Amino acid sequence: AGYRAICVTVDRAYYSRLMLQPEAARRDAELAIVGLADALDPERLAGALLESGAAAIYRGDFEFALRRAFELQYRRGRYAIPRWQSWGAWLEAVARCHLGLVDEADAALLRARNRFEDEGYVGALADLDTVTLLVQRVRLANGLIGVDELRPHLNLEEGSPLKRGDRLLVQGEVELARGTD
């Protein structure tokens, strides 16, 4: 396939994941990774690695997601802009959380947060808050924290720099967690 078709395949993987079609997302992301291996486009390759790992999360294949997270942070993803390494840390945090490894998930979140804060990347910080709340919900379910300890890092007030959808998503995570006590 030509380079342009491979780029469309990355976009299609993203779309398929959002449409809750993780198997189609996996197929397209893996096809894109193979096609981009020699394309000298580390940004697009990093995007395909992230989509592959995210599709693995949706499929419940957390070990595979960890492998993609490692690739983003320490292998092929390190040739892209540093933001992709932060997305790799985000992916690692999600996978580790689902594996019950919340301390390791916290460490990955910290690595991602530092970069996204340096960039002022508010949308990514909202994504990190969502995963932080997932970690806290796992801790809550295991009796490691109390419901009063659930706190997002971001300003969730109306008029904050967060997009409305991001703000509502984080607020929903808080309410979901508080309902589990």
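Residues numbered from 1 in each chain as written. Predicted model: local features only at pLDDT ≥ 70, side-chain atom pairs only at ≥ 80, totals over all residues. Heavy atoms only, no water.

### Brief notes about the overall build of the chain
Next, step 1: Within the chain, the secondary structure is distributed over eight helices and zero strands.
Next, step 2: The N-to-C order of helical and strand elements in the chain reads α-α-α-α-α-α-α-α.
Next, step 3: Counting every position in the chain, which comprises 181 residues, the buried fraction comes to 49%.
Next, step 4: Looking at the chain alone, contacts between residues at least 24 apart form 54% of all its contacts between residues at least 6 apart. (Helix = DSSP H or I, 4+ residues; strand = E, 2+ residues; numbered from the N terminus. Buried < 20%, exposed > 50% of the residue type's maximum accessible area, 1.4 Å probe, protein only. Contact = heavy atoms within 4.5 Å.)

### Some words on the layout of surface pockets
Next, step 1: Empty space within the largest pocket amounts to approximately 620 Å³.
Next, step 2: Around the largest pocket, the lining is made up of 24 residues, and of these Arg17, Tyr58, Trp87, Trp90 and Asp127 lie nearest the centre.
Next, step 3: Elements represented by at least two residues in the lining of the largest pocket include exactly α1 (3-18), α3 (42-59), α5 (82-98), α7 (122-141) and α8 (164-178).
Next, step 4: The greatest single-element share of the lining of the largest pocket, amounting to seven residues, is contributed by α5.
Next, step 5: In the lining of the largest pocket, the residues fall into 15 nonpolar, three polar and six charged. (1 Å grid on protein atoms, 1.4 Å probe; cavity = no way out; pocket = protein on both sides within 12 Å on 5 of 7 lines; lining within 4 Å. Points joined across faces, edges and corners; volume = space filled by probe spheres on them. Nonpolar A, V, L, I, M, F, W, Y, C, P; charged D, E, K, R; others polar.)

### Remarks on the pattern of salt bridges
Note on pairing: side chains with opposite charge can pair once their charged atoms come close.
Next, step 1: Applying the stated rule across the entire model yields 15 salt bridges.
Next, step 2: A salt bridge links glutamate 30 to arginine 68; its shortest N-O distance comes to 2.6 Å. Of the two residues, glutamate 30 is situated in helix α2 (residues 22-36) and arginine 68 in helix α4 (residues 62-74); the sequence distance between them amounts to 38 residues.
Next, step 3: The salt bridge involving arginine 115 is made with glutamate 119; its shortest N-O contact spans 3.4 Å. Linking arginine 115 with glutamate 119, this pair stays in helix α6 (residues 102-119), spanning four residues, or about one helical turn.
Next, step 4: Residue arginine 115 is classed as partly exposed on the basis of its relative accessible area of 30%. (Salt bridge = Lys/Arg side-chain N within 4 Å of Asp/Glu carboxyl O.)

### Points about the packing of aromatic side chains
Next, step 1: Under the counting rule described, the total for this entry stands at five aromatic pairs.
Next, step 2: A ring pair is formed by tryptophan 87 and tyrosine 121, whose centres lie 6.2 Å apart and whose planes are at 85°; its orientation type is edge-to-face. You can see tryptophan 87 sitting in helix α5 and its partner tyrosine 121 sitting in the loop between α6 and α7, a full 34 residues away along the chain.
Next, step 3: Relative accessible area serves as the criterion here: at 10%, tryptophan 87 is assigned to the buried category. (Phe/Tyr/Trp six-rings, centres within 6.5 Å; stacked < 30°, edge-to-face > 60°.)

### Here's the deal with the environment of glycine 35
Next, step 1: Position of glycine 35 relative to the elements: it lies in helix α2.
Next, step 2: We classify glycine 35 as partly exposed; its relative accessible area is 29%.
Next, step 3: For glycine 35 and leucine 45, which are 10 residues apart along the polypeptide, the C-alpha to C-alpha distance reads 8.9 Å.

### Thoughts on the side chain of serine 86
Next, step 1: One can find serine 86 in helix α5.
Next, step 2: Using a relative accessible area of 4% as the deciding quantity, one classes serine 86 as buried.
Next, step 3: Those residues in contact with serine 86 that lie beyond four places of it in its chain are Arg111, Ala112, Arg115 and Phe116.

By themselves these figures say nothing about function.
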